[in-house]
Amino acid sequence: MGSIMYDVCSAMKELRQSLKDETRINEWEEEDFFWHTKILPILHELEKREDSIEQLCLACTKLYQALDEGNMLGKRFKRRNILLKTLYKLVDIDSDPLSVKLAKIILAMKVDGNDLLGVCKLAFKICRNRKNDFIIQNDTLLDYLLQVLWNEDLQTNNEALVYCTAAIKFMSENDALLYKMVSKGAVEMFLELMKQINNIKEHDTYFSKLGHLLVQVTATLRILADCPLALHRLSGSGAIPELCVALEQRGSDKDVCIWIVRVLSKLSTYNDFCAALADCSRCYVLFLALLNKYQKQQVSASPADKQLKVDGSHVLEEILCYFTYTVKDLVIRVIFILGNLTAKSDQSREQVFKEKGSVNTLTSLFQTYYELDMNALTWHRDKKGKGKKDEKYPSKAEDVLIKLIRVLANLSIHPRVGAALAAAHPLVGLLVTVLEYKSVDACEELVINAATTINNLSYYQVENSAVQDEKLRIAEIVEAVRVFGNLSQHHEIRDFIMQKKIYKFMIALLDSKNREVCFPACGVLLNLTVDENKRAFLMEEGGIGKLVDCLQDFGPADWQLSCLICKTLWNYSEDMTSAASCFGEDTNMLQLLLTAFLDEEVELECSLDRDIKDCQRVYWEREFKPVAEKLLDRIQSHHSSAESITPF
């Protein structure tokens, strides 16, 4: 019985093998028939190189459709090599539309090794030309390039992946292709690729070679960061931690660092990403380390200045020549990120301050770029008259200073950090120097940021205060404001103030909470509002809110300044038709303050000295009360045709 069963089993195996062989033979016969009847005639068409490009493109389209129909795409097709040889003969024809067709078919055949590298180079050549966007957009080349990223081994095909990613990077600059690749999982794909690269440690032989691929990956992520759909994918994919890991591992590679900080600088403008970055405790020390390392390097950070090799072959310089960002670009973006991190978070302010040497790093950076800016000013003065055009403003040196001082202003909000910065003499000295050498007309944002920061630091009455030590230099600047207060009674001076944008500086000074600063600044603003065509700047530059804040801060303690504020608002609102549109969100607060300050019991509250009380009462009755009543009545009635108040 046992031997009978054995014979049955053997017979079954032989039958199954026979069926398989027969099926294979049938498949080969079918494939052979399909090859001769459908594929070969098209290959003969393609071998006629004298045909027009249009005819060759049409033949490629038919070939792809036939291969798909015959299930011959991929590696299993036995005449695959013959097919590929025919296609490779056409690659050197200078036609991008034809190259798109060829690249798609070659990629669909799942080539590897040098063949894969060659077709990825071809795809890059096509995609870098923006004129080809339309033909790429209407084909499926993107799908096959994404498959390469998904399926190919990182180390074996590193160079091919560099070209493949570079091609996709250029595709991502087209909105239609950008949304298409995001919908196909490109964000997750690039983050997975970056994670794989991060897993290769520094001692590994592939570590440095993969840096070139990481440049392409992060450059593409930077473009994706502008796409709302991609942002949604990035937020749920752990992008921030992986970028920080890459930054820590690749801190000595300028090219990689520049692109990572460009991605992070964009993401840090969104609250969720900024919070995620703040949670990466190592990010602060990484950013400060980058500033220490690169702040004095003024050479180009473009990879074009060094010989690049991957797997023993030169990486096509054309890939990297598009990335010509400098060390200054890196510094600017790191400072921008720190500014965003410290803008709203006390924890981030403290974390930056606690990092070893952070204040010294920021001071050194300040000194470096202050000197660069001064040297640039000297150079432009020397070249003036020799046909040289001035550099555009803000220059990169000024841009660094603007963003750096913003960081200092943010840090100074934290009580402990602000107190320490107020005692940092080199830092405060540089801030005052900015106000001395830089005019508002040259770079208004820089001057205003410096004034705001000095104002923030002046709140801290600490031992060995640098602000107190610099009070004479600061007083000279305040005195210049007083001079403008007097001179601005003249029409030509008011025109000059508007032309040079000095009014922006005056508005910034209202934040000082210092009567000696606010009074002359408000006087200048009052005189400017005499001219009807100069009033709009108050609302546009946030001046209304700052004037109302000043009125609230000083109020009964200084009826003279309060009167000046009311006169300014009176002039400004001369032609108003609606209080809400005229004073915006500050309307209710202004109305409440005026109502309260017109109460006779309030006007004497702030002074205990009898003589001062009498003086204050006189000024309240003769100066403040009349204009405040008229202003309140105008707000309540929403319109008035009264004349402007006499200049200050």
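Residues numbered from 1 in each chain as written. Predicted model: local features only at pLDDT ≥ 70, side-chain atom pairs only at ≥ 80, totals over all residues. Heavy atoms only, no water.

## Digging into the overall build of the chain
In terms of helices and strands, the chain carries 35 helices and two strands. The proportion of buried residues among the 648 residues of the chain is 50%. Relative to all contacts within the chain whose residues are 6 or more apart in sequence, the contacts with residues 24 or more apart total 77%. Put simply, the chain shows about 30700 Å² of open surface, and 51% of that area lies on carbon and sulfur atoms. (Helix = DSSP H or I, 4+ residues; strand = E, 2+ residues; numbered from the N terminus. Buried < 20%, exposed > 50% of the residue type's maximum accessible area, 1.4 Å probe, protein only. Contact = heavy atoms within 4.5 Å. Areas by Shrake-Rupley, 256 points an atom, 1.4 Å probe, with all protein chains shown as cover.)

## Quick look at the pattern of salt bridges
Here the structure, examined in full by the defined rule, presents 35 salt bridges. The partner of arginine 233 in a salt bridge is glutamate 188, and the shortest N-O contact between them spans 3.5 Å. One end of the pair, arginine 233, is in helix H12 (residues 228-235); the other, glutamate 188, is in helix H10 (residues 186-198), and 45 residues separate them in sequence. The partly exposed category is assigned to arginine 233, whose relative accessible area is 23%. A salt bridge links aspartate 329 to lysine 396, with the nearest nitrogen and oxygen atoms 3.1 Å apart. Linking aspartate 329 in helix H18 (residues 327-344) with lysine 396 in helix H21 (residues 396-411), this pair joins segments that are 67 residues apart in sequence. By relative accessible area, aspartate 329 is classed as buried at 8%. One salt-bridge network, in which partners are shared between bridges, spans Arg130, Asp133, Lys169 and Glu173. (Salt bridge = Lys/Arg side-chain N within 4 Å of Asp/Glu carboxyl O.)

## What to know about H18
Compared with the 26 Å implied by 1.5 Å per residue over 18 residues, the 27 Å span of H18 between its first and last C-alpha is a close match. Here H18 lies mainly inside the structure; 14 of its 18 residues are buried. (Expected span 1.5 Å × (residues − 1).)

## Things to note about the nonpolar core
Within the largest apolar cluster, 214 residues are counted, with the highest numbers of intra-cluster contacts made by Leu63, Phe287, Phe366 and Phe583. In contact with leucine 63, other than residues within four places in its own chain, are Ile39, Ile42, Leu43, Leu46, Leu83, Leu87 and Ile105. (Core = buried A, V, L, I, M, F, W, Y, C linked by side-chain atoms within 4.5 Å.)

## Some remarks on the packing of aromatic side chains
Considering all chains together, one arrives at nine aromatic pairs under this definition. Residues tryptophan 559 and phenylalanine 597 carry aromatic rings whose centres are separated by 5.9 Å and whose planes lie at 80° to one another, so their mutual orientation is edge-to-face. One end of the pair, tryptophan 559, is in helix H32 (residues 559-572); the other, phenylalanine 597, is in helix H34 (residues 587-597), with 38 residues separating them in the sequence. Owing to a relative accessible area of 7%, phenylalanine 597 belongs among the buried residues under this scheme. Each member of the aromatic cluster is reached from another via a ring pair, and the members are Phe124, Tyr163 and Phe170. Here the guanidinium or amino end of lysine 169 rests over the ring plane of phenylalanine 170, the centre of that ring lying 4.7 Å away. (Phe/Tyr/Trp six-rings, centres within 6.5 Å; stacked < 30°, edge-to-face > 60°. Lys NZ or Arg CZ within 6 Å of the ring centre and 35° of its normal.)

## Side note on the packing of helix H24 (residues 444-458) against helix H28 (residues 502-509)
Think of two packed helices as two axes; the pair is described by the angle between the axes and how far apart they sit. Taken N-terminus to C-terminus, the directions of H24 and H28 make an angle of 15°; their axes are 9 Å apart at the nearest point. Judged on the interaxial angle alone, H28 and H24 are roughly parallel. Crossing of H24 against H28: the hand is right-handed. Across the interface between the two elements, Glu444, Val447, Ile448, Ala451 and Thr452 from H24 touch Lys504, Phe505, Ala508 and Leu509 from H28. Here the contact of H24 with H28 is built from residues that sort into six nonpolar, one polar and two charged. (Axes fitted to C-alpha atoms, helices over the stretch in contact; angles between N-to-C directions. Parallel < 35°, antiparallel > 145°, perpendicular 65-115°, else oblique. Left-handed = near helix turned anticlockwise from the far one by under 90°. Nonpolar A, V, L, I, M, F, W, Y, C, P; charged D, E, K, R; others polar.)

## Focus on the packing of helix H4 (residues 96-108) against helix H7 (residues 141-151)
At a closest axis distance of 9 Å, the pairing of H4 and H7 adopts a crossing angle of 40°. With respect to H7, the element H4 is oriented oblique. Relative to H7, H4 is oriented so that their crossing is left-handed. Facing H4, whose interface residues are Ala103, Lys104, Leu107 and Ala108, H7 presents Leu141, Tyr144, Leu145 and Val148.

## Quick notes on unusual backbone geometry
Notably, asparagine 71 is not glycine yet its phi reads approximately 55°, a positive angle. One can find asparagine 71 in the loop between helix H2 (53-69) and helix H3 (80-88). In this structure, asparagine 464 takes a positive phi of about 60° despite not being glycine. Following the sequence through the fold, asparagine 464 ends up in the loop between H24 and helix H25 (466-469).

## Side note on the environment of phenylalanine 505
Topologically, phenylalanine 505 is positioned in helix H28. Exposure remark for phenylalanine 505: the relative accessible area of 9% places this residue in the buried category. For the pair phenylalanine 505 and serine 439, spaced 66 residues apart in sequence, the C-alpha to C-alpha distance is 9.7 Å. Discounting residues that sit within four places of it in the chain, phenylalanine 505 has contacts with Leu435, Val440, Val447, Ile448, Ala451, Ile477 and Val481.

## Quick word on the state of the cysteines
In the structure shown here, the tally under the stated rule is zero disulfides. No disulfide involves cysteine 518; its sulfur sits 3.9 Å from the nearest other cysteine sulfur, which is in cysteine 550. (Disulfide = S-S within 2.5 Å.)

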